[in-house]
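Overview (structure and organization)
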Amino acid sequence: MSTSESPNSSVTSETSPLVRNPSASVSSLGSSIGGRGPDGKIRRPLQYHSINPTTEHRVIQQNHGDQEQASIHRYKYYSKLAPHQESRLLMPDHIVPSAYFLILPVKPAKGQQSSIITIFSIWNTLMGTSILSMPWAIAEAGFGLGICLLLFMCGLSLYTAYRVMKSPEGLDIEVVEFSDVCRYYLGKWGEVASVFFSLFALLGAMIVYWVLMSNFLYNSVVFIYHDVTNTSLPISVGNATPYEDAFCINGNITDPTTPPPTIPPHTTEVVVEILQSSYDTFTKWWSMTDTVPFYLILVLGPLINFRSPTFFAKFNSLGTLSVLYLLIFVVVKSVRWGIHLDFDATDLINNVPMYRPSFAALTGTLSLALFIHNCILSMVRNQKHPENNGRDLSIAYLLVTVTYAFVGIMFYAAFPFAKSCIEDNLLNNLRSNDIMSFVARLFLFFQMTTVYPLLIYLFRFQFFYFFFGTSNPKIIGILILNLVLVALCVIFAKFLPHIGAIIRFSGAFCGLAYIFALPCIVYILSERQKGSLTWFKLIVHIAIIVLGVANVAGQFIIM
């Protein structure tokens, strides 16, 4: 039985909560001769006396001895001194007679989140923009090594995420996020490191989103422009092949599907000049890197200044729908193109390298694609059956592995040109006039428009709470921070619009902290504190940290 001196506290046990019985109070109080007070009136000491005692009180008086009666005297004396419920002078629960408590058949409150919700919440959170880069990342690593590294990184990320999830066990502090655990074991610098890399991951995601939204908006408007002006795109641009919906652009980020439109035969010179002039004006004001990233400010500027993200959080289901559409998209394109894999071929198109020295691009990309460690504690906190958290986490990572492998391997195997032509955004290998690509870009653009304000909000919340101790800053602080973040996004969208490079670098740095280093360091310190640290555990977890350092170094080697 626990005790408390709080006036509203209740005595609890392992089975049922106990609360004070309001009907067990004495209806009136009597007194006997005592002394005189400052006003000259006679003061009498408090006695247990009821004018009209209830039946329950008579039973209490009859069945309890002198010690119980003394306890009742004290209870009434405390109640007389503290007639108000909020007073601190109420009788402590541990000396209140048991008859003054009611046993209520109330079960302790538990989380209401089922395992299926937990699994798909983790899966949906992990299914980010990295899925668009998965075929490119596998191409950078080589087909055979790429599949092996994909499985290895998924298993390693699952293990360290599990270590993060189990890290609060046995701690005598309130744990909200993994940064609290880092502060407990590593002090202030551990908390600073965890918060910094969490902010860095959010910033990397925001930059990738801005680049992709610029790309999607640009290509969607190009599609609409050519449809409205009734002009067609020449098939001869890029590749003269039977595959009119795909092309190889050899690393050039400029979409080759936007040359001057094809002029229908028998067109007069005046019409040709008008069409050419119209197209030149369009390309001058509608450029994927020179103008569109700035136009996005007009769209997203008003949205990112909202103080509450509740409205945008309602559109989270769009993320699941976009992933499902991408899966259907890859299946349809793969069936149309067929499989182009020949491990013995010597020609450039069909040759499939099993290993490439630039494999670090895949490990860096996966470090961000599998990054959920900074919010896993929040996602499993309301689980109805916490004992199933490990199982649910494993199932979620299995689904993530299957999804990434399916998109990456299927698109890689079916791509009808040289595998080195695969772009870091698989939609860049599809022409702007392809209807399925248009739907995918438009769908993803609206989805990212709702997610980007959430990323800004999460960054702003963590930034101001950690550095300034407030989660509700003044509007001027919000505007300044938003201006800085948007400026960084626009700079990258204009000068470095390669999401593959952004993802692998930000993923490698954030992964070094959250996937490789911090979970292992916390586990080592925890095991040492328990006295159960062995040389095997120490060597294995130090090796994981070394892999994280090598992953970061590898990103600079393949530049």
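Computed from a prediction, not measured in an experiment: that's the story for all the values here.

A look at the pattern of salt bridges
Counted under the stated rule, the structure contains 10 salt bridges. The salt bridge involving E169 is made with K166; its shortest N-O contact spans 2.7 Å. A relative accessible area of 47% means that E169 is categorised as partly exposed. Judged by its relative accessible area of 28%, K166 falls in the partly exposed class. Through salt bridges with shared partners, a single network forms among D180, R183, K188 and E191.

Overview of the state of the cysteines
Evaluation of the coordinates by the stated rule reveals one disulfide. Put simply, C248 and C421 are joined by a disulfide, and their sulfur atoms are 1.7 Å apart. Between C248 and C421, the S-S dihedral sits near -65 degrees, and the bridge is therefore left-handed. Of this pair, C248 sits in the loop between α7 (188-228) and α8 (269-285) while C421 is found in the loop between α14 (389-414) and α15 (435-468), placing the two residues 173 residues apart along the sequence. Comparing C248 with C421, the two get one shared label, buried.

Things to note about the side chain of S432
Looking at where S432 falls in the secondary structure, it is placed in the loop between α14 and α15. Since its relative accessible area comes to 1%, S432 is described here as buried. Here N219 takes part through its side chain, which lies 2.7 Å from a polar atom of the side chain of S432.

Looking at the packing of aromatic side chains
By the definition in use, this model includes 27 aromatic pairs. An angle of 85 degrees between the planes, with centres 6.3 Å apart, marks the rings of F509 and F556 as edge-to-face. Of this pair, F509 sits in helix α17 (residues 499-530) while F556 sits in helix α18 (residues 535-557), and the two are 47 residues apart along the sequence. On the basis of relative accessible area, F556 is assigned to the partly exposed category, the value being 47%. Clustering of aromatic rings is evident, with ring pairs tying together F196, F197, F200, F505, F509 and F556. In this structure, K419 packs its charged tip against the face of Y412, placed 5.4 Å from the ring centre.

Structural notes on α7
With 41 residues, α7 should cover 60 Å at 1.5 Å per step; its first-to-last C-alpha distance of 59 Å lies within 8% of that length. Of all 41 residues in α7, 32 are buried, a share of seventy percent or more. N230, located one to two residues past α7, shows a positive phi value of around 55 degrees.

Quick look at the nonpolar core
In this structure, F178, M206, W210, M213, Y404 and Y452 are the most contacted members of the largest nonpolar core, which totals 128 residues. Of the residues forming this core, the biggest block, 20 residues, is contributed by α7.

Concerning the environment of G146
Topologically, G146 is positioned in helix α5 (residues 143-166). In this structure, the C-alpha to C-alpha distance between G146 and P135, residues 11 residues apart in sequence, is 9.7 Å.

Some thoughts on the confidence of the model for the chain
Here the chain averages 78 in pLDDT, while 70% of its residues score no lower than 70. The low-confidence segment residues 233-240 (pLDDT under 50) makes 18 contacts with residues lying over four places distant or belonging to another chain.

Description of the environment of I456
Along the chain, I456 turns up in helix α15. Residue I456 is classed as buried on the basis of its relative accessible area of 0%. Note: C-alpha distance between I456 and I304 (152 residues apart in sequence) is 6.5 Å.

Focus: the packing of helix α4 (residues 134-141) against helix α12 (residues 360-369)
The description of two helices packed together rests on the angle between their axes and the distance between the axes. The N-to-C vectors of α4 and α12 enclose an angle of 145 degrees; their axes lie 8 Å apart at closest approach. Contacts from M134, W136, A137, I138, E140 and A141 of α4 reach α12 at A361, L362, T365, L366 and A369. Among the residues making up the contact of α4 with α12, the classes are represented as nine nonpolar, one polar and one charged.

Rules used in this analysis
- Residues numbered from 1 in each chain as written.
- Predicted model: local features only at pLDDT ≥ 70, side-chain atom pairs only at ≥ 80, totals over all residues.
- Heavy atoms only, no water.
- Salt bridge = Lys/Arg side-chain N within 4 Å of Asp/Glu carboxyl O.
- Buried < 20%, exposed > 50% of the residue type's maximum accessible area, 1.4 Å probe, protein only.
- Disulfide = S-S within 2.5 Å.
- Helix = DSSP H or I, 4+ residues; strand = E, 2+ residues; numbered from the N terminus.
- Polar contact = N/O pair within 3.5 Å; in protein donor to acceptor, adjacent residues only side chain to side chain.
- Phe/Tyr/Trp six-rings, centres within 6.5 Å; stacked < 30°, edge-to-face > 60°.
- Lys NZ or Arg CZ within 6 Å of the ring centre and 35° of its normal.
- Expected span 1.5 Å × (residues − 1).
- Core = buried A, V, L, I, M, F, W, Y, C linked by side-chain atoms within 4.5 Å.
- pLDDT = per-residue confidence, 0-100.
- Contact = heavy atoms within 4.5 Å.
- Axes fitted to C-alpha atoms, helices over the stretch in contact; angles between N-to-C directions.
- Nonpolar A, V, L, I, M, F, W, Y, C, P; charged D, E, K, R; others polar.

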